[in-house]
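Overview (structure and organization)
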Amino acid sequence: MKYLIINGSPRKKNTWSMAKQAKTNLEGEFEEIQLMKEKIPMCNGCFKCIMEGEENCPHYEIVNSILEKIKWSDGLIITSPVYAMNVTALIKNFFDHTAYLYHRPKFFDKKALVIVSTAGAGQKDVANYIGENLRHWGFNKIYQITYACGGKESINTEEINKVSQKFHKDIVSKKLHAPNIGDLIFYNLWRAMISTKEPIKIDKEYWESTGLVNYEFAPDVNLGFIKKIFAKIMFFILKKVIK
Ligand SMILES: Cc1cc2nc3c(=O)[nH]c(=O)nc-3n(C[C@H](O)[C@H](O)[C@H](O)COP(=O)(O)O)c2cc1C
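Residues numbered from 1 in each chain as written. Predicted model: local features only at pLDDT ≥ 70, side-chain atom pairs only at ≥ 80, totals over all residues. Heavy atoms only, no water.

1. Some remarks on the UniProt feature "domain: NADPH-dependent FMN reductase-like" (unreviewed entry) in the chain
The UniProt record annotates "domain: NADPH-dependent FMN reductase-like" (unreviewed entry) at residues 1-130. In residues 1-130, the share of helix is 40% and the share of strand is 21%. The end C-alpha atoms are 23 Å apart. (UniProt positions renumbered as here; feature names shortened; annotations may be inferred. Helix = DSSP H or I, 4+ residues; strand = E, 2+ residues; numbered from the N terminus.)

2. Remarks on the site of the ligand
Looking at the ligand, there are 16 residues lining it, with N14, T15, V82, S117 and T118 nearest. Taking A84, its main chain carries an N or O atom lying 2.9 Å from a nitrogen atom of the ligand. A distance of 2.7 Å separates an oxygen atom of the ligand from a polar side-chain atom of T118. Considering the ligand on its own, with 650 Å² of exposed area, one finds that the protein chains cover 71% of that surface. Taken together, the elements giving at least two residues each to the shell around the ligand come down to α1 (14-23) and β4 (111-118). Here the residues of the shell around the ligand sort into 8 nonpolar, 6 polar and 2 charged. (Near = heavy atom within 4 Å. Polar contact = N/O pair within 3.5 Å; in protein donor to acceptor, adjacent residues only side chain to side chain. Areas by Shrake-Rupley, 256 points an atom, 1.4 Å probe, with all protein chains shown as cover. Nonpolar A, V, L, I, M, F, W, Y, C, P; charged D, E, K, R; others polar.)

3. Let's talk about the packing of aromatic side chains
With the rule as written, the count across this model stands at 15 aromatic pairs. Aromatic side chains F108 and F217 sit 5.7 Å apart centroid to centroid with 75° between the ring planes, which places their arrangement in the edge-to-face category. Here F217 lies in the loop between α10 (201-209) and α11 (225-242) and F108 lies in the loop between α6 (100-103) and β4, a separation of 109 residues in the sequence. Taken individually, F108 and F217 each receive the classification buried, so the pair is uniform in this respect. Relative to F167, the ring of Y143 lies with its centre 5.7 Å away and its plane at 65°, an arrangement referred to as edge-to-face. Of this pair, Y143 sits in strand β5 (residues 141-148) while F167 sits in helix α8 (residues 157-173); the two residues are 24 residues apart in sequence, bridging distant segments of the chain. Comparing Y143 with F167, the two get one shared label, buried. (Phe/Tyr/Trp six-rings, centres within 6.5 Å; stacked < 30°, edge-to-face > 60°. Buried < 20%, exposed > 50% of the residue type's maximum accessible area, 1.4 Å probe, protein only.)

4. Topic: the side chain of H168
Locating H168 in the fold gives a position in helix α8. Residue classification places H168 among the buried positions, given a relative accessible area of 13%. In contact with H168, other than residues within four places in its own chain, are M1, Y3, N25, L26 and E27. (Contact = heavy atoms within 4.5 Å.)

5. Section: the sheet that holds strand β1 (residues 2-7)
Here we have 5 strands laid out as an open sheet, ordered β2-β1-β3-β4-β5, and parallel in their pairing. Every other strand in the sheet has two partners, leaving β2 (29-34) and β5 as the edge strands with one partner each. Mean inter-strand twist for the sheet, computed between neighbouring axes without regard to direction, equals 15°. Note that β1 and strand β3 (residues 75-81) share 5 bridges and pair parallel. Considered in β3, the bridge of L4 is made with L76. Sheet contacts for helix α7 (residues 123-137): β3, β4 and β5; angle to β5, the most-contacted strand, approximately 160°. (Pairing = 2+ DSSP bridges. Axes fitted to C-alpha atoms, helices over the stretch in contact; angles between N-to-C directions.)

6. With respect to the pattern of salt bridges
Counted by the stated rule, this structure contains 14 salt bridges. D170 is the salt-bridge partner of K111, the closest N and O atoms lying 2.9 Å from each other. Taken together, the positions of K111 in strand β4 and D170 in helix α8 put the pair 59 residues apart, joining distant regions of the chain. Exposure remark for D170: the relative accessible area of 6% places this residue in the buried category. Here E205 makes a salt bridge to K201, at a shortest N to O gap of 4.0 Å. Note that E205 and K201 are positioned in helix α10 at a spacing of 4 residues, about one turn of the helix. Put simply, E54, R104 and D203 are held in one network by salt bridges that share partners. (Salt bridge = Lys/Arg side-chain N within 4 Å of Asp/Glu carboxyl O.)

Here is the structure:
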C-alpha cells in the first residue's frame, strides 16, 4: 500500500508524534510532505483555477506536485494542530489552492486519516473541517484521530493504534463505501450546475469528458438501490431549481 503523509503543522512536534505513531500501524511505501517546506505562496484569489483550469494557477507547479502524490497514494494521512480554533494557515492556504476540486471532484477511490492535536479545544471541529474538504474533493472515507494534550508532550497511543489499524485494514480491502446523503447532494449539485444557461466552461468539459455527468455518483462506487433513487430524484430537482 502507498501512503502519503502531509504535515500541516509548521513543526514536527505534537501532531507529528501522533502521525509517527499512526505510521507504525501502516505497512507499505511512504512519502512525506512538510507543508512548511513547500512554501506555497498565498492564494491570491485570481479565480483562474476555478474559471480557466487549475493549470492557470500561478502556483500550479507546487500545488500540483502535491496533488500528484495524493493521486499516487492509496491512503492520505493529513495533520494539523488547532490554531486559533481552526486549521493552520498552511493547511488553509493549501485547501484554498484546491477549491476548484469542489467543482471538479476526482479522488473517488481515496481514503484519508485526519490527525489533529490541540492544547485544549477545537480538535473535533478542525478534524471535521479537513474531512469535509476532502469529501468535496471526492474522498471515499475519512478516519479521524484527535487529541487535546493540555500542553503536555503526550499522545493518545491506544486510540491512534486502534483507528490507524482500522484505516490500514480498509485501505488493504480496497472496498469503496457508499457516500452519505450530503456527499450525494453536493455531487449532484455540481453535476446539475453544468446544465445552467451559462455554465463554467471548464466544469462542463470536465463533467462531460470524464463521463461523470452520466452517473448519480462516481461509477466505481456502489450506491445501493435507495441512494441511487434518492440521487436520481435529487439531480432532477436540482437541475430544475438551478435552471
Ligand atoms: C498560533 C497557535 C495557536 C493555537 N491556538 C490554539 C487554540 O485555539 N486552541 C487550543 O486549544 N490550542 C491552540 N494552540 C495549541 C496547539 O494546538 C497545540 O499545542 C498543538 O498540540 C501544537 O501542535 P504541534 O506541536 O504539532 O505544533 C495554538 C498554538 C499555536 C502555536
